[in-house]
Amino acid sequence: MALVAATLLAGCAKNFTAETPKDSVPLDQALNSVSALNNALDGTYSQLRSVALYGRDLLVIGDLQGDNTYVEVKNSGRYLPQYNYSFTNADGTVAEIWTNAYIGIQRANQIINSPVTATGAAAVKAQAYAIRGLLYFKLVNIFAKPYTDDPTALGVPLVLKYDPNGLPTRNTIKEVYTQIVADLQAAFKDAPAYTNSVHLSKYAAEALLAKVYLYMGDNADAETAAVDVINNSGFTLATPGDLTAFWSNPAIQSNQEEVMFEVDADAINNNGFDDVAGIYINGYQDIYASSQLYKLYTASDARRGLLLPGNTKSGAAAYLVNKYPNAQNADRDNLKVIRLAEVYLIAAEAALPNEATALTYLNVLSSQRDPGFVYASTGSQLKTDIINERRKELAFEGDRFYDLNRLKMAISRASNPGAIPAGQGNVNLNIPYPDNRRVAPIPLSEIQANANIAGQQNPGY
């Protein structure tokens with residue numbers, strides 16, 4: 001189908017070619033008060049919890065298409081094409097990500113474009129700007145080349161207003177990133193002060209902005225934003241003794257420990273058997289941590305405790321991912337979007353070639369994960385250490401594949417016992433850069449429905 005248009009009061013999504021029902025009121029006309037904006041914002045936040053977004057797919061694919069995880073042979077049929085790199089333009093997972101991201105964007109658009117200006121409206125709109133920027137950031141990294149490769153290449157369509165008849169073309173990567181930066185800057189300007197972990201606050205928006213700058217290769221602005229967050233946000237890192245408890249606690253946080261923004265999944269609002277925890281442990285249990293990743297953690301690294309030595313369902317030795325341990329509990333795991341730990345890693349990478357500054361930020365984090373461990377590397381090894389620390393810290397949060405892309409690094413995966421073949425003879429364990437399959441296809445349904453995008457498919461599909 002074409003890009004998803006706005007949701008109406010009835011809550012149903014429709015494509016750009018459909019007409020507005022005569023007995024229904026478009027949401028932009030209904031959003032005529034701050035109270036109505038807040039209600040719409042709740043719906044926009046809830047969209048992030050979709051299985052196709054932070055509810056599961058975004059978190060899983062970012063590690064599975066990289067080198068952190070694998071699918072075992074006794075599986076439920078999920079994510080097989082992503083692991084073995086056999087997906088096509090008709091892939092359902094890819095299509096669902098596209099569709100659900102644009103639903104979220106359109107919900108944010110309705111809030112942003114509302115004429116309401118009363119007290120409180122700016123703070124609500126700021127959160128909508130942040131969500132729109134976040135979703136475009138995910139889309140452009142999935143469906144386009146990295147900014148650091150070619151900013152003039154095709155990105156994704158920018159849809160900023162409700163248009164029931166719109167059939168947009170793809171904007172350039174640079175145009176998409178320019179919009180993302182503008183959205184996050186607008187969010188930072190008017191976002192509310194921190195109250196809890198499931199609402200986007202001022203410094204959460206700036207942390208996301210720092211990440212976007214890093215992905216653009218704009219290290220100066222990335223460092224400035226990251227350092228501002230570190231020095232002024234009031235957030236603290238989880239200590240080694242608290243790390244397991246931090247990840248096992250499904251409650252909304254209000255203490256400014258570690259998590260700056262997460263998507264709420266509670267006893268009522270959750271994805272049931274299809275949540276991210278179930279794909280790793282206490283559910284489908286299809287996906288396991290690579291032995292290659294496990295070996296990166298020293299015995300004294302607190303993060304190693306989030307991986308449980310055991311077996312796959314078919315009996316092969318494996319490491320189970322226990323970063324999301326609440327699959328069978330009433331209150332489910334909240335889904336981390338940005339944490340202070342990542343901000344330290346952004347500051348460290350962006351500070352290069354200033355090695356002393358980079359080491360300072362890197363070692364603040366490493367000392368809170370592996371007590372007594374201190375990096376003293378220089379030159380290219382320091383850059384490697386920072387990237388490896390990102391891998392260890394952000395594992396199972398959906399970033400690894402996109403880090404490998406932006407850094408133009410080859411994907412070199414280990415062969416794990418009990419894993420499905422990564423292509424015939426495991427030929428797809430190693431995916432060089434560039435490779436067309438490292439950019440997802442524009443969904444076939446979109447190509448068929450939108451004549452203006454039909455000639456803009458990514459190479460190889």
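Right above here is the structure, for reference.
What counts and how
Residues numbered from 1 in each chain as written. Predicted model: local features only at pLDDT ≥ 70, side-chain atom pairs only at ≥ 80, totals over all residues. Heavy atoms only, no water. Helix = DSSP H or I, 4+ residues; strand = E, 2+ residues; numbered from the N terminus. Rg over C-alpha atoms; globule rule 2.2 N^0.38 Å. Buried < 20%, exposed > 50% of the residue type's maximum accessible area, 1.4 Å probe, protein only. Contact = heavy atoms within 4.5 Å. Areas by Shrake-Rupley, 256 points an atom, 1.4 Å probe, with all protein chains shown as cover. Lys, Arg positive; Asp, Glu negative; His and termini not counted. Charge placed at Lys NZ, Arg CZ, Asp CG, Glu CD. Salt bridge = Lys/Arg side-chain N within 4 Å of Asp/Glu carboxyl O.

Caption draft 1: Focus on the overall build of the chain. On a plain count of helices and strands, the chain comes out with 17 helices and eight strands. Computed over C-alpha atoms, the radius of gyration of the chain comes to 21 Å, within 12% of the 23 Å expected from 2.2 N^0.38 for 461 residues, which places it in the range of a compact globule. Referenced to the eigenvectors of the C-alpha coordinate spread, the extents of the chain come out at roughly 65 × 50 × 45 Å. Expressed as a percentage of its 461 residues, the buried residues of the chain come to 59%. Considering only residue pairs separated by 6 or more positions, the chain has 71% of its internal contacts joining residues 24 or more positions apart. Total accessible area on the chain is roughly 16500 Å²; 52% of this is exposed by carbon and sulfur atoms. Charge centroids of the chain, computed over 36 positive and 45 negative side chains, lie 4 Å from each other.

Caption draft 2: Spatial organisation of the pattern of salt bridges. Evaluated as defined, the whole model comprises 27 salt bridges. Within the structure, one salt-bridge network assembled from shared partners comprises Glu-258, Asp-301, Arg-303, Lys-323, Arg-339, Arg-369, Glu-389, Lys-392, Glu-393 and Glu-397.

Caption draft 3: Layout of unusual backbone geometry. In this chain, Leu-352 is followed by Pro-353 through a cis amide linkage whose omega measures 15°. With respect to the helices and strands, Pro-353 occurs in the loop between helix 13 (340-351) and helix 14 (355-367). The omega torsion across Tyr-433 and Pro-434 is 0°, close enough to zero to call that bond cis. Among the structural elements, Pro-434 can be located in the loop between strand 8 (430-431) and helix 17 (444-449). Although it is not a glycine, Tyr-85 adopts a positive phi angle of roughly 55°. For Tyr-85, the location among the structural elements is in the loop between helix 4 (80-84) and helix 5 (92-112). Using a relative accessible area of 4% as the deciding quantity, one classes Tyr-85 as buried. Despite not being glycine, Gln-285 has its phi angle at roughly 50°, a positive value. Overall, Gln-285 belongs to the buried group, its relative accessible area being 17%.

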